[in-house]
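Structural overview
For reference, the chains in residue letters:
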Amino acid sequence: KDVMRVVGIKEKNPKYAVMLCFDVNITKEANQVAEKEDIKIFTADIIYNLQDKFKAYLVKWAADQAERMKDIAVFPVHLKTMREHVFRVKDPIVLGMTVVDGQLRPGCPLFVWKKDEKGKR
């Protein structure tokens with residue numbers, strides 16, 4: 001019954017789809033349902049140990065999320081062309097760049113700002 005409540009929470013916020021069980025015995029059926037629904041169950045006889053397990057879980061969950069999102073996220077970067085280091089102007093373009101601001105990472109999409117007739121971007 002309690003595991004099914006957590007399943008509802010999992011749909012809204014999977015970060016908190018856990019059960020903190022203090023000084024209780026977990027039935028085999030509850031363990032099976034939790035395993036099937038991918039619900040974590042933390043048990044402890046000392047409340048502080050239960051708290052420490054949950055805090056460690058939250059830190060690990062945040063690190064896992066960051067790892068998953070790093071491939072999706074686009075980090076902004078401002079590059080400046082080094083005019084003296086233009087080696088090739090046709091396909092493929094080979095030139096030197098300086099990172100003015102931000103982070104340049106592999107796979108980062110690049111584009112060029114076009115200036116209008118007034119010289120503004």
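Refer to the structure presented above.
Residues numbered from 1 in each chain as written. Predicted model: local features only at pLDDT ≥ 70, side-chain atom pairs only at ≥ 80, totals over all residues. Heavy atoms only, no water.

A word on a nonpolar patch on the surface
Together, Val86, Val89, Ile93, Leu95 and Met97 give the surface a local cluster of nonpolar side chains, amounting to about 440 Å² of exposed area. In this fold, valine 89 is placed in the loop between β3 (77-88) and β4 (94-102). (Patch = residues over 30% accessible without salt bridge, like charges linked within 9 Å, V, L, I, M, F, W, Y side chains within 5 Å. Areas by Shrake-Rupley, 256 points an atom, 1.4 Å probe, with all protein chains shown as cover. Salt bridge = Lys/Arg side-chain N within 4 Å of Asp/Glu carboxyl O. Helix = DSSP H or I, 4+ residues; strand = E, 2+ residues; numbered from the N terminus.)

What to know about the packing of aromatic side chains
All told, the structure shown has 2 aromatic pairs when counted by the stated rule. Look at phenylalanine 54 and tyrosine 57: their rings are 6.2 Å apart centre to centre, the planes differ by 25°, and that puts the pair in the stacked class. Highlighted residues: phenylalanine 54 and tyrosine 57, both in helix α3 (residues 47-69), separated by 3 residues, approximately one helical turn. In this structure phenylalanine 54 comes out as buried when scored by relative accessible area, which is 18%. Residue tyrosine 57 is classed as buried on the basis of its relative accessible area of 12%. Ring-pair connections join several aromatic residues into one group, and the members of that group are Phe42, Phe54 and Tyr57. (Phe/Tyr/Trp six-rings, centres within 6.5 Å; stacked < 30°, edge-to-face > 60°. Buried < 20%, exposed > 50% of the residue type's maximum accessible area, 1.4 Å probe, protein only.)

Thoughts on the environment of glutamine 51
Mapping glutamine 51 onto the fold places it in helix α3. In this structure glutamine 51 comes out as partly exposed when scored by relative accessible area, which is 38%. Sequence-wise, glutamine 51 and tryptophan 113 are 62 residues apart; in three dimensions their C-alpha atoms are separated by 51 Å.

Considering the pairing of strand β1 (residues 18-22)
As paired elements, β1 and strand β2 (residues 40-44) share 5 bridges and run parallel to each other. Bridge pairing in β2 links valine 18 to lysine 40. Note on the crossover from β1 through helix α2 (residues 28-36) to β2: the handedness is right-handed. (Pairing = 2+ DSSP bridges. Right-handed = clockwise from strand over helix to strand, strands pointing away.)

A few points about the nonpolar core
Counting residues in each nonpolar core, the largest one holds 9 residues, listed as Val3, Val6, Val7, Ala17, Met19, Cys21, Ala30, Ala34 and Ile39. Those elements that place two or more of their residues in this core are α1 (2-12), β1 and α2. Residue contributions to this core peak at 3 residues, all from α1. Valine 3 has contacts with Met19, Ala30, Val33 and Ala34, leaving out every residue within four places of it along the chain. In this structure, Val18, Phe42, Leu50 and Tyr57 belong to the second largest nonpolar core, which totals 6 residues. (Core = buried A, V, L, I, M, F, W, Y, C linked by side-chain atoms within 4.5 Å. Contact = heavy atoms within 4.5 Å.)

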